[in-house]
Amino acid sequence: MDLNMTAEEQQFRDELRGWLKANVPADWSAKREDPLETRFEYLRTWQRKLFDGGWAGISWPKEYGGRGASLMQQVIFWQEMALADAPPMANVLGLGLIGPTIIGFGTNAHKQRYLSKILNAEEIWCQGFSEPNAGSDLASLQTSARREGDFYVVNGQKTWTSYGWIADWCEVVVRTDPNVPKHKGLTVMLLDMKTPGISVRPLRQMTGESEFSEVFFQDVRVPVENVVGEVNQGWEVALGTLMHERGTFGAGLQILYRRNMERLIELSHELERDGRPAAQDPLVRQKLAQCYAEIEIMRLNQMRAFSRISATGVPGPEGSIQKIFWSELNQRVQQVAQELLGPYAQLASSSSDAVDKGAWAYGYLRSRGNTIEAGTSEIQRNIIGHFVLGLPRSY
Amino acid sequence: MQFGLSESQEILKDNARKFFAGECPLNHVRKLAETGSTYDADLWSKMAAQGFTGIIFPEEYGGMGMSAVDLSLLMEEAGRALVPGPFFATVALAATVINAVATDAQKKKYLAPICSGEARSTLAEIEAGAGWGARAEGKTTVVNGRLTGEKLFVPAADVADFLVVAAGSGVFAVQRNAPGVSVTPMPTMDLTRSVYAVRLDNTPAEKLGDASGMERATDVATAALVAEMVGGMQRILDMTVEYAKTRKQYGKAIGAFQAVQHQCADMYLETESSRSAAYYAAWALDHDPAQAATAVSIAKMYASDACRTVGNRGVQVHGGMGFTWENDLHLYYRRAKASETMLGDATFHRERIARLVIDAPGARPQGVH
Ligand SMILES: Cc1cc2nc3c(=O)[nH]c(=O)nc-3n(C[C@H](O)[C@H](O)[C@H](O)COP(=O)(O)OP(=O)(O)OC[C@H]3O[C@@H](n4cnc5c(N)ncnc54)[C@H](O)[C@@H]3O)c2cc1C
């Protein structure tokens, strides 16, 4: 156990800090409020800059444009990005989920073809897993792929597809054999979103934004070489993606939460309660301290998990506690923010009285999605119960 | 950065687990609990022979010179085995304070016999109306090196050879058999760690040092206590999962019911999160002093709530069986309740965190380590 950085990690951190200081765009805080589409292009340019500086794909292999560094350096990278208040990278799912899946399960040709374009944001990725009738029960999905010569012909529909409206590529899970038990007939494919037969319809979510979309496939032809892993063994590949989503994806969030926390502490000094700063109100103090502590514990849980993953190479089912922890914690913190700010907390960005440009109203509503996306809290608890604790399946 | 146990730490933990499983099985703990005396002289000398009583103290006093993390790993296993008696009071509380505040000569006199296993001790700190961390508010008086007052909730005072007493701005050593010392049991929920009222009436005492030096020592003790709580939580989780796999209702194992399964999943989450916080707190005590106090309070705060909820869930999943005297759960549950308040409950530590991070923003960590 040694939580100090190694000399190498420290050198990495210092170099990165210096680079971020010189390169984080000064206009980011203004651009933050831009509409989704304009903001996206801004983030794409930023990611390209990171890539050119050698800072995209920290733990990815060098030959595909990564840095070939350790998972811990990847963690340091996320933390430094948040500390520097740097814009996030555009290709969130490509970097966090699909790239690692290709690294784990793809052929050399896949790696050659896709990885560096994920890193430089030339090709944006989405994750086409959920369907109208297959959410938690992902393996029951119905989108089908039928082999025709050197192609698969895909028909069906995906939904809640984040970034579907902008994505160039999609990791889809499709049914290639309808005549076997549901987990056994699935295949993962890399699908070019520009292929004829694809239509995308944005879905508006409770925050008012349209982060996700419906994606329809009608006779969409996918070359057979785009299959990742074996045909009909896609469940294993899809699970690999989900483990990354649950296990490692939360790392960048921790410092964002901490920044939120620091802002709440700052606000507690500025806001009055019964004629004194809210920071002196014993109940406010209790609630802020609870949030602060849990955000720190989230970091510690992650650090333990990353140390384990560094040793084993892959995230396991115990990653589900990270997912439960970050999602439910954000909901608790957002609720405390609501209590601290009172009715001001509900003001939208269009109100001139809004605190922090309405970020708390947005943040609260957005947090409701946290316990649904990437597998609901109930499903994570099922996973812990069955796969970690060895209890019988509940369904 | 590497936040996992090293090979030697794994070995230490594993050895401790095997030792306690062999020397302190649960039926033995229960027997001691039911007879009202939690001290077992034989177990004590075996623990001393393992080096446990001197684990974190300098070798020049007969200790092992190991780290706070090592102490915590040992305590985690002690917690899993529900080791009764004066170990925590002697090693984590009294000896840690002596080591922090006393002179070299005093350490030879008081710390060395603890390390060797000859002496047992305890820390007498809180008083009526003066909670944890409010030492200065205590009413015990110091007049010409003699102490008068009453200390409450003092663990293991019956078997202590001497007591470490916080009074005024000082820390003192008082012999158990000194004139004016009376020790009265305070029968409490926890059957495996007895507490006492200690009355001092013009009792001769030897000053060891200033109370200000106790802060870090009690943080070391608190981190050790949290680790012990983690061991207890782990055991309750293990017992509960085992029960959920074997107990059948409606033709299937109750663990197949989601309401039960999710209780177990939450117990796992709470136990693992407490463990992360416990290990970090112990590590920070040795390696990151600026963060240590906050880290310790975060750990104690979280574990204080978690050990109660883990216990609640465990009892609930056991149904009527969990409510019986015969089932071992309540022995752990009682310890968990006692540990929840010992050295400050969650509310106490939240306020301490607030002082550290809300009132003194400069003290907040900047980035990772
Ligand atoms: C913001 C956001 C972004 C998303 N992005 C993507 C994306 O990019 N790509 C993608 O493929 N999907 C995405 N999703 C979809 C997400 O993965 C699903 O919504 C999720 O898996 C739940 O599926 P569902 O919505 O069909 O709910 P259902 O599965 O119908 O669940 C409804 C309720 O029933 C509960 N439930 C269901 N089954 C069980 C069970 N066995 N035990 C206990 N409780 C159960 C659930 O926990 C939930 O509370 C996104 C969702 C959100 C909210």
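Residues numbered from 1 in each chain as written. Chains lettered and ligands numbered in written order. Predicted model: local features only at pLDDT ≥ 70, side-chain atom pairs only at ≥ 80, totals over all residues. Heavy atoms only, no water.

**Concerning the nonpolar core**
Phase 1 of the analysis: By size, the foremost hydrophobic cluster in this structure holds 195 residues, and its most contacted members are Phe77(A), Phe20(B), Phe88(B), Ile98(B) and Leu208(B).
Phase 2 of the analysis: If sequence neighbours within four positions are ignored, Phe88(B) has contacts with Met75(B), Leu93(B), Arg193(B), Ala221(B), Ala224(B), Leu225(B), Met342(B) and Leu343(B).
Phase 3 of the analysis: Counting 17 residues, the second-largest nonpolar core is a separate cluster that includes Tyr152(A), Met189(A), Phe217(A) and Val222(A). (Core = buried A, V, L, I, M, F, W, Y, C linked by side-chain atoms within 4.5 Å. Buried < 20%, exposed > 50% of the residue type's maximum accessible area, 1.4 Å probe, protein only. Contact = heavy atoms within 4.5 Å.)

**Structural notes on helix 4 (residues 71-83) of chain A**
Residues and elements named next belong to chain A.
Phase 1 of the analysis: The end-to-end C-alpha separation of helix 4 is 18 Å, in line with the 18 Å expected for 13 residues at 1.5 Å each.
Phase 2 of the analysis: In terms of burial, helix 4 is a largely internal element, 11 of the 13 residues being buried.
Phase 3 of the analysis: Each element contacted by the buried residues of helix 4 is listed here: helix 1 (7-23), helix 3 (36-52), helix 8 (251-270) and helix 9 (282-312).
Phase 4 of the analysis: A positive backbone phi angle near 55° is found at Asp85, which sits one or two residues after helix 4. (Helix = DSSP H or I, 4+ residues; strand = E, 2+ residues; numbered from the N terminus. Expected span 1.5 Å × (residues − 1).)

**A short note on the sheet that holds strand 6 (residues 181-185) of chain B**
What links the strands of a sheet is backbone hydrogen bonding, and the strands pair in either a parallel or an antiparallel sense.
Residue and element names in this part refer to chain B.
Phase 1 of the analysis: Pairing in this open sheet of four strands is antiparallel, and the strands run 2-3-7-6 from one edge to the other. Only two strands of the sheet have a single partner each, and these edge strands are strand 2 (141-143) and strand 6. The average undirected angle you get between the axes of adjacent strands in this sheet is 20°.
Phase 2 of the analysis: Where strand 3 (residues 146-155) meets strand 7 (residues 195-204), seven bridges bridge the pair, whose relative direction is antiparallel. Looking across to strand 7, one finds that Glu150 is bridged to Arg199. (Pairing = 2+ DSSP bridges. Axes fitted to C-alpha atoms, helices over the stretch in contact; angles between N-to-C directions.)

**Focus: the environment of Phe217(A)**
All names here are of chain A.
Phase 1 of the analysis: Along the chain, Phe217 turns up in strand 7 (residues 212-223).
Phase 2 of the analysis: Residue classification places Phe217 among the buried residues on the basis of a relative accessible area of 4%.
Phase 3 of the analysis: A C-alpha to C-alpha distance of 54 Å links Phe217 and Ala279, two positions 62 residues apart in sequence.
Phase 4 of the analysis: With near-sequence residues (within four places) excluded, Phe217 lies in contact with Thr143, Val154, Asn155, Gly156, Gln157, Lys158, Val172, Leu191, Gly197 and Ile198.

**Some thoughts on the domain arrangement of chain B**
All names here are of chain B.
Phase 1 of the analysis: Each domain of chain B was delimited in the assignment, giving domain 1 (7-116), domain 2 (121-210) and domain 3 (214-359).
Phase 2 of the analysis: Spacing between the C-alpha centres of domain 1 and domain 3 amounts to 21 Å.
Phase 3 of the analysis: Taken together, the contact between domain 1 and domain 3 spans 26 residues of the former and 31 residues of the latter.
Phase 4 of the analysis: For the pair domain 1 and domain 3, the summed buried surface comes to about 2,300 Å²; carbon and sulfur atoms form 67% of the total.
Phase 5 of the analysis: The tally of links between domain 1 and domain 3 comes to three salt bridges.
Phase 6 of the analysis: In this structure, Arg80 and Asp238 form a salt bridge, with 3.6 Å as the shortest nitrogen-oxygen distance.
Phase 7 of the analysis: Our count for the domain 1 to domain 3 interface comes out at 10 residue pairs in polar contact (both at pLDDT 80 or more).
Phase 8 of the analysis: Counting residues per element, the ones that place at least two in the side of domain 1 that touches domain 3 are helix 2 (26-35), helix 4 (68-81) and helix 5 (87-101).
Phase 9 of the analysis: Here the element with the most residues in the side of domain 1 that touches domain 3 is helix 4; it accounts for 10 residues.
Phase 10 of the analysis: Its residues assigned to classes, the side of domain 1 that touches domain 3 shows 17 nonpolar, four polar and five charged. (Domains from an automatic or database assignment. Buried area = accessible area lost by both parts, 1.4 Å probe. Salt bridge = Lys/Arg side-chain N within 4 Å of Asp/Glu carboxyl O. Polar contact = N/O pair within 3.5 Å; in protein donor to acceptor, adjacent residues only side chain to side chain. Nonpolar A, V, L, I, M, F, W, Y, C, P; charged D, E, K, R; others polar.)

**Side note on the site of the ligand**
Phase 1 of the analysis: In the region of the ligand, 18 residues are neighbours, and Ser130(A), Ser136(A), Trp160(A), Thr376(A) and Glu378(A) sit closest.
Phase 2 of the analysis: Neighbouring residues of the ligand are distributed over chains A and B.
Phase 3 of the analysis: Between the ligand and Gln127(A) there is a distance of 2.8 Å, counted from a nitrogen atom to a backbone nitrogen or oxygen.
Phase 4 of the analysis: At 2.9 Å from a nitrogen atom of the ligand is found a side-chain nitrogen or oxygen belonging to Gln258(B).
Phase 5 of the analysis: Compared with its free state, where it exposes 970 Å², the ligand has 70% of that area covered by protein.
Phase 6 of the analysis: Every element with two or more residues in the shell around the ligand is listed here: strand 3 (151-162) and helix 12 (377-388) of chain A.
Phase 7 of the analysis: Looking at the shell around the ligand, its residues break down into six nonpolar, nine polar and three charged.
Phase 8 of the analysis: Counting only domains with at least three residues in the shell around the ligand, you end up with domain 2 (125-240) and domain 3 (246-388) of chain A. (Near = heavy atom within 4 Å. Areas by Shrake-Rupley, 256 points an atom, 1.4 Å probe, with all protein chains shown as cover.)

**Remarks on the interface of chain A and chain B**
Phase 1 of the analysis: Contact with chain A, which involves 51 residues of that partner, is made by 52 residues of chain B.
Phase 2 of the analysis: Roughly 4,900 Å² of surface becomes buried between chain A and chain B when both sides are summed, with 62% attributable to carbon and sulfur atoms.
Phase 3 of the analysis: The interface formed by chain A and chain B holds four salt bridges in total.
Phase 4 of the analysis: When the shortest N-O distance is used, the salt bridge between Arg285(A) and Asp359(B) registers 2.8 Å.
Phase 5 of the analysis: Secondary-structure elements contributing two or more residues to the side of chain A that touches chain B are helix 1, helix 4, helix 8, helix 9, helix 10 (320-341) and helix 12 of chain A.
Phase 6 of the analysis: When residues in the side of chain A that touches chain B are grouped by element, the largest group, 15 residues, is from helix 9 of chain A.
Phase 7 of the analysis: Looking at the side of chain A that touches chain B residue by residue, the class counts come to 24 nonpolar, 14 polar and 13 charged.

**Considering the packing of helix 4 of chain B against helix 7 (residues 214-246) of chain B**
All names here are of chain B.
Phase 1 of the analysis: Where helix 4 contacts helix 7, the axes come no closer than 7 Å and their chain directions differ by 40°. Judged by the angle between their axes, helix 4 and helix 7 are oblique. As for how helix 4 packs across helix 7, the hand of that crossing is right-handed. Across the interface between the two elements, Leu71, Ser72, Met75, Glu76, Gly79 and Arg80 from helix 4 touch Val220, Ala223, Ala224, Ala227, Glu228, Val230, Gly231, Gly232, Gln234, Arg235 and Asp238 from helix 7. (Parallel < 35°, antiparallel > 145°, perpendicular 65-115°, else oblique. Left-handed = near helix turned anticlockwise from the far one by under 90°.)

**Let's talk about the pattern of salt bridges**
Residue and element names in this part refer to chain B.
Phase 1 of the analysis: Inspection of the entire model under this criterion finds 61 salt bridges over all chains.
Phase 2 of the analysis: A salt bridge links Glu77 to Lys13; the nearest nitrogen and oxygen atoms lie 3.1 Å apart. With a gap of 64 residues between them, Glu77 in helix 4 and Lys13 in helix 1 (residues 7-23) connect regions that are remote in the sequence. Here the two residues Glu77 and Lys13 agree in accessibility, since each one is buried.
Phase 3 of the analysis: Of the charged contacts, one joins Arg308 and Asp305 as a salt bridge, the two residues approaching to 3.2 Å between their closest N and O atoms.

**Structural notes on the packing of aromatic side chains**
Phase 1 of the analysis: Tallied over the entire structure, the rule returns 18 aromatic pairs over all chains.
Phase 2 of the analysis: Aromatic side chains Tyr39(B) and Trp44(B) sit 6.3 Å apart centroid to centroid with 65° between the ring planes, which places their arrangement in the edge-to-face category.
Phase 3 of the analysis: An aromatic cluster of at least three residues, connected via ring pairs, comprises Phe12(A), Trp19(A), Trp46(A) and Trp55(A).
Phase 4 of the analysis: Over the aromatic face of Phe151(A) sits the side chain of Arg221(A), whose NZ or CZ is 4.6 Å from the ring centroid.
Phase 5 of the analysis: For Arg299(A), the ring lying beneath its charged end belongs to Tyr280(B), and the centroid distance is 5.3 Å. (Phe/Tyr/Trp six-rings, centres within 6.5 Å; stacked < 30°, edge-to-face > 60°. Lys NZ or Arg CZ within 6 Å of the ring centre and 35° of its normal.)

**Quick look at the sheet that holds strand 1 (residues 121-124) of chain B**
All names here are of chain B.
Phase 1 of the analysis: With mixed pairing, four strands are arranged side by side in an open sheet as 1-4-5-8. Of all the strands in the sheet, the pair left with one neighbour each is strand 1 and strand 8 (206-210). Across the sheet, the axes of successive neighbouring strands diverge by a mean angle of 25°, strand direction being ignored.
Phase 2 of the analysis: Taken together, the six bridges between strand 4 (residues 162-167) and strand 5 (residues 170-175) define a ladder with antiparallel strand orientation. Its bridge partner being in strand 5, Ala166 is matched across the sheet by Val171.
Phase 3 of the analysis: Packed onto the sheet, helix 5 meets strand 1, strand 4, strand 5 and strand 8 and runs at close to 75° relative to strand 1.

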